[in-house]
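Close look at the chain arrangement
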Amino acid sequence: GAGVSQTPSNKVTEKGKYVELRCDPISGHTALYWYRQSLGQGPEFLIYFQGTGAADDSGLPNDRFFAVRPEGSVSTLKIQRTERGDSAVYLCASSLTGGTGANVLTFGAGSRLTVL
Amino acid sequence: AQSVTQLDSQVPVFEEAPVELRCNYSSSVSVYLFWYVQYPNQGLQLLLKYLSGSTLVKGINGFEAEFNKSQTSFHLRKPSVHISDTAEYFCAVIPYGGATNKLIFGTGTLLAVQP
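Presented here is a report on the structure given in the accompanying data block. The structure displayed is predicted, hence computed values, not measured ones. (Residues numbered from 1 in each chain as written. Chains lettered and ligands numbered in written order. Predicted model: local features only at pLDDT ≥ 70, side-chain atom pairs only at ≥ 80, totals over all residues. Heavy atoms only, no water.)

Residue and element names in this part refer to chain A. Spatially, the four strands line up as an open sheet ordered 1-3-8-7, and their pairing is antiparallel. Strands with a single pairing partner mark the edges of an open sheet, and in this sheet they are strand 1 (5–7) and strand 7 (65–68). Neighbouring strand axes in the sheet, compared pairwise and without regard to direction, differ in orientation by 15° on average. (Pairing = 2+ DSSP bridges. Helix = DSSP H or I, 4+ residues; strand = E, 2+ residues; numbered from the N terminus. Axes fitted to C-alpha atoms, helices over the stretch in contact; angles between N-to-C directions.)

In structure tokens, the structure reads:
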């Protein structure tokens with residue numbers, strides 16, 4: 001597609017529920033990133049995929065968070081047993097390749113998650 | 001480890017006035033430097049980047065930034081702002097030699113342009 005698409009744009013859930021957030025990157029981009037942006041903060045890195053594999057998941061806060069990219073394109077961020085502290089905007093970005101800073105990341109508009 | 005500091009959480013300015021948004025970073029290795037802009041309900045958009053070469057970098061929408069290695073700064077400037085420049089601005093770095101494009105962001109500065 002023309003840009004990075006994220007769905008849903010807004011998600012309200014109750015504490016303890018399971019949620020999935022979807023990211024559709026730019027066609028042909030092999031690198032995909034998830035970030036989390038809490039209120040009043042800058043985006044924080046969660047996980048990076050190169051193709052189908054998670055090359056760096058050092059930003060995932062705990063084992064309730066998991067992400068997949070089974071065919072090297074669309075990615076899903078999964079959050080189990082949601083907590084109020086998970087409320088944030090989840091941003092997805094893609095780039096042509098990974099590697100050095102010369103490859104610019106293109107961000108989606110984000111999925112706003114609210115846990116009641 | 002790297003960190004990015006944006007000292008000003010909000011900068012109010014009148015239309016057509018100049019503006020400077022400050023960014024300082026801390027890193028034990030050299031870094032690439034970026035400024036992103038986030039308009040309401042939109043994704044982050046790259047304004048400009050410094051990879052190497054000339055320390056004065058020009059970006060979109062009339063913005064520019066200057067890399068100062070000795071002061072570890074990368075301040076963003078615009079000589080005359082418009083109402084449409086109202087947005088959140090994020091400074092970010094990527095360390096040299098990393099295996100990923102893992103951006104490390106500051107906390108952002110809200111530029112509020114008033115008529």
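It is worth spelling out the state of the cysteines at this point. Residue and element names in this part refer to chain B. Under the counting rule described, the total for this entry stands at two disulfides over all chains. Here Cys23 is linked by a disulfide to Cys91, with a sulfur-sulfur distance of 2.0 Å. Every disulfide takes its handedness from the sign of the S-S torsion; for Cys23 and Cys91 that torsion is -65°, giving left-handed. In this pair, Cys23 sits in the loop between strand 3 (19–21) and strand 4 (24–26) while Cys91 sits in strand 10 (residues 87–95), placing the two residues 68 residues apart along the sequence. Cys91 shares its class with Cys23; the two are buried. (Disulfide = S-S within 2.5 Å. Buried < 20%, exposed > 50% of the residue type's maximum accessible area, 1.4 Å probe, protein only.)

Attention shifts here to the side chain of Gln6(B). Residues and elements named next belong to chain B. Within the secondary structure, Gln6 is located in the loop between strand 1 (3–5) and strand 2 (10–14). Residue classification places Gln6 among the buried positions, given a relative accessible area of 6%. Those residues within four positions of Gln6 in sequence are excluded, and the remaining contacts are Arg22, Trp35, Tyr89, Phe90, Cys91, Gly106, Thr107, Gly108 and Thr109. (Contact = heavy atoms within 4.5 Å.)

Counted according to the given criterion, the structure contains 13 aromatic pairs over all chains. Ring centres of Tyr35(A) and Phe105(B) lie 5.8 Å apart, and the angle between their planes is 85°; this geometry places the pair in the edge-to-face category. On the criterion of chain membership, the pair formed by Tyr35(A) in strand 4 (residues 31–37) and Phe105(B) in strand 11 (residues 104–105) is interchain, its members lying in two chains. Note on Tyr35(A): relative accessible area 0%, which makes it buried. We classify Phe105(B) as buried; its relative accessible area is 10%. An angle of 85° between the planes, with centres 5.5 Å apart, marks the rings of Phe107(A) and Tyr36(B) as edge-to-face. Here Tyr36(B) lies in strand 5 (residues 31–38) and Phe107(A) lies in strand 10 (residues 106–107), a pairing that spans two chains. There is no split in this pair, since Phe107(A) and Tyr36(B) are both buried. Connected via pairs of aromatic rings, a cluster forms that spans Tyr35(A), Phe45(A), Phe107(A), Phe34(B), Tyr36(B), Phe90(B) and Phe105(B). (Phe/Tyr/Trp six-rings, centres within 6.5 Å; stacked < 30°, edge-to-face > 60°.)

Taken by themselves, the reported measurements are silent on function.
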